Amino acid sequence: MNDQKKSNYRKFMLLWAGELVSSIGGGLTSFGLGIYIFQKTGNASGMALMMLLAFLPGLLLKVPAGVLADRYDRRLLMMIGDGCSGLGVLFILLCMLSGEAELWQIYLGVIVSSVFSALLEPAFTATITDLLTKEQYSRANGLVSMAGSSRYLFSPILAGFILAFSDIKVILIIDICTFFLTILSAAVVRKGIAVKPVRDRTPFLQSMKEGWKVITGKKGMLLLILVSSAVTMFMGVFQVLGEPFILSFSDSKALGIIETVAASGMLFTGVLLGIRGIHRNFVKMLCIGLFFSGIGMAFFSVFQNTVVIALFGFLFFAALPIANNSLDYLARTNIPEEYQGRAWGFIGFISQLGYVVSYALSGITADAVGAVTGGGVGKGASLTITFSGICLALIAVGMLRIRRLKSLEKTTEAAHPEAKDPSTCLSS
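Residues numbered from 1 in each chain as written. Predicted model: local features only at pLDDT ≥ 70, side-chain atom pairs only at ≥ 80, totals over all residues. Heavy atoms only, no water.

**Here's the deal with the overall build of the protein chain**
Reasoning step 1: Along the protein chain, the regular secondary structure elements total 20 helices and zero strands.
Reasoning step 2: Expressed as a percentage of the 428 residues in the protein chain, the buried residues total 55%.
Reasoning step 3: Contacts in the protein chain between residues far apart in sequence, at least 24 positions, make up 87% of those at least 6 positions apart.
Reasoning step 4: As displayed, the protein chain has an accessible area near 17800 Å², and 68% of this comes from carbon and sulfur atoms. (Helix = DSSP H or I, 4+ residues; strand = E, 2+ residues; numbered from the N terminus. Buried < 20%, exposed > 50% of the residue type's maximum accessible area, 1.4 Å probe, protein only. Contact = heavy atoms within 4.5 Å. Areas by Shrake-Rupley, 256 points an atom, 1.4 Å probe, with all protein chains shown as cover.)

Given below as structure tokens:
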């Protein structure tokens, strides 16, 4: 089976390329709508609400989507999720073509996109397990992180350039076009992979319970997920308030350049991980990645200097793939293949609850702090981001003392001794 999976790396690369294009298109829309709403409302709360509404439906549907990924054709679910999520973007575009879009119309559009996008993530994550060997996971995760970074690396500068000569409607049209490419790549991969017959005929709710048992029955697994939820809460603050902070003293063109330079850190590290990967000391590397992300975040908003902001943003994004890669490997290698979809549904749901908290409260908090200090939304965003970065770094230091997390790494090494030897991980 491993020999067969090694030949599937090209199929993974095709699928990854489709998701890369999709990420860039989604980043264009997210950047453009964020600028549109901030210019229309003048506060951080409107942007935060858009991010919350775009995120929450998909989060709530992650668990049932994970069950579906174990019961039905995962590539077909990816095609449906990618394709139908474009309907929300199309709705926003039609509203703008008929006049200025109202906030409720934008919010409705992003909700529709989020609902269908929920089908994509568990199916895509489980498909990686279908296609690749365990020795290839780390390299694949590095490339996946790089694809995810593209929405911050390429999209902001492209969107800033487009907005300088046109308007947001062009951005939405480009995003809609990317959906066709991602559907095509998933269709090609689906054609080349035999669909596994569905042997699991257990009731839907029972399947969900089995996924829950997988992550709670493994010592340290649930703790790892809960820690990651706390981490996403502080990282969500950065995602929501980074743009309002920069826009408080600069313009959308400078914002696009800063975001691109900062996100190139994730590209740099993603390429290195795609070539080399991480092969041991996963818990330690997880903590190192989170610590330096916290440091970059803490100093990101201290000075209103674009060069300093870009440098600490680079540090934040460069450290993220190390943490994501390590966390993904620890979780993936401790989950049986037949439970990958439903387990990742629960993992995604719990670990990303932190985003819900940050999206719901960070905008309100920044506006309130800005009002109290008299510095406006820029000062409020700056202080909130700095405080969150310090908390993230402290969590990373504390994780080094948690023995249950280290037990996941010991289980992985016992089951897959090749992970101890970096040379064997590059043999494919």
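**Structural notes on the packing of helix 2 (residues 9–41) against helix 9 (residues 155–165)**
Reasoning step 1: It is the contact of helix 2 with helix 9, at a shortest axis distance of 8 Å, that shows an interaxial angle of 55°. What the angle tells us is that helix 2 and helix 9 run oblique. At the point where helix 2 passes helix 9, the crossing takes the right-handed sense. When helix 2 is examined against helix 9, the residues Ser23, Ile24, Gly27, Leu28 and Phe31 are found in contact with a partner set consisting of Ser155, Pro156, Leu158, Ala159, Gly160 and Leu163.
Reasoning step 2: Taken together, the residues of the contact of helix 2 with helix 9 sort by class into seven nonpolar, four polar and no charged. (Axes fitted to C-alpha atoms, helices over the stretch in contact; angles between N-to-C directions. Parallel < 35°, antiparallel > 145°, perpendicular 65-115°, else oblique. Left-handed = near helix turned anticlockwise from the far one by under 90°. Nonpolar A, V, L, I, M, F, W, Y, C, P; charged D, E, K, R; others polar.)

**Overview of the pattern of salt bridges**
Reasoning step 1: Scanning the entire structure with this criterion turns up one salt bridge.
Reasoning step 2: A salt bridge links Asp167 to Lys169; the shortest N-O distance between them is 2.7 Å. (Salt bridge = Lys/Arg side-chain N within 4 Å of Asp/Glu carboxyl O.)

**Focus on helix 15 (residues 306–332)**
Reasoning step 1: Helix length check: helix 15, at 27 residues, gives a terminal C-alpha distance of 39 Å against a target of 39 Å (1.5 Å per residue), a fit within 8%.
Reasoning step 2: Where helix 15 starts, the residue carrying a side-chain oxygen 3.0 Å from the main-chain nitrogen of Val307 turns out to be Asn305. (Expected span 1.5 Å × (residues − 1). Polar contact = N/O pair within 3.5 Å; in protein donor to acceptor, adjacent residues only side chain to side chain.)

**Here we look at the packing of aromatic side chains**
Reasoning step 1: Tallied over the full model, the rule gives 14 aromatic pairs.
Reasoning step 2: Ring centres 5.5 Å apart and planes at 55° place the aromatic pair Trp212 and Phe346 in the tilted group. Here Phe346 lies in helix 16 (residues 340–351) and Trp212 lies in helix 11 (residues 204–216), a separation of 134 residues in the sequence.
Reasoning step 3: Overall, Trp212 belongs to the partly exposed group, its relative accessible area being 36%.
Reasoning step 4: Judged by relative accessible area, which is 11%, Phe346 ranks as buried.
Reasoning step 5: Both rings, one in Phe316 and one in Phe317, keep their centres 5.2 Å apart while their planes meet at 85°; by these two values the pair is edge-to-face. (Phe/Tyr/Trp six-rings, centres within 6.5 Å; stacked < 30°, edge-to-face > 60°.)

**Focus on helix 9**
Reasoning step 1: The set of residues buried in helix 9 consists of Ser155, Pro156, Ala159, Gly160 and Ile162. Burial along helix 9 is one-sided: seen end-on, the buried residues are contained in an arc of 165°. Seen from the open side of helix 9, the exposed residues pointing more than 90 degrees away from its buried face are Phe161, Ala164 and Phe165. (Arc of directions from axis to C-beta.)

**A few points about a nonpolar patch on the surface**
Reasoning step 1: Taken together, the side chains of Phe154, Ile157, Leu158, Ile257 and Val261 make up a nonpolar region of the molecular surface, amounting to roughly 390 Å² of accessible area.
Reasoning step 2: If you list the elements that add at least two residues to the nonpolar patch, you get helix 9 and helix 13 (252–275).
Reasoning step 3: The topology assignment puts Val261 in helix 13.
Reasoning step 4: Under the relative-accessibility criterion, Val261 is labelled partly exposed at 38%. (Patch = residues over 30% accessible without salt bridge, like charges linked within 9 Å, V, L, I, M, F, W, Y side chains within 5 Å.)

**Topic: the environment of Ile225**
Reasoning step 1: With respect to the helices and strands, Ile225 occurs in helix 12 (residues 221–247).
Reasoning step 2: Taking the C-alpha atoms as reference, Ile225 lies 9.0 Å from Leu327; in sequence the two are 102 residues apart.

**Notes on the confidence of the model for the protein chain**
Reasoning step 1: Per-residue confidence for the protein chain gives a mean pLDDT of 79, with 89% of residues at or over 70.
Reasoning step 2: Here residues 414–428 is modelled with pLDDT under 50, and outside its nearest four sequence neighbours on either side it reaches 24 contacts, counting other chains as well. (pLDDT = per-residue confidence, 0-100.)

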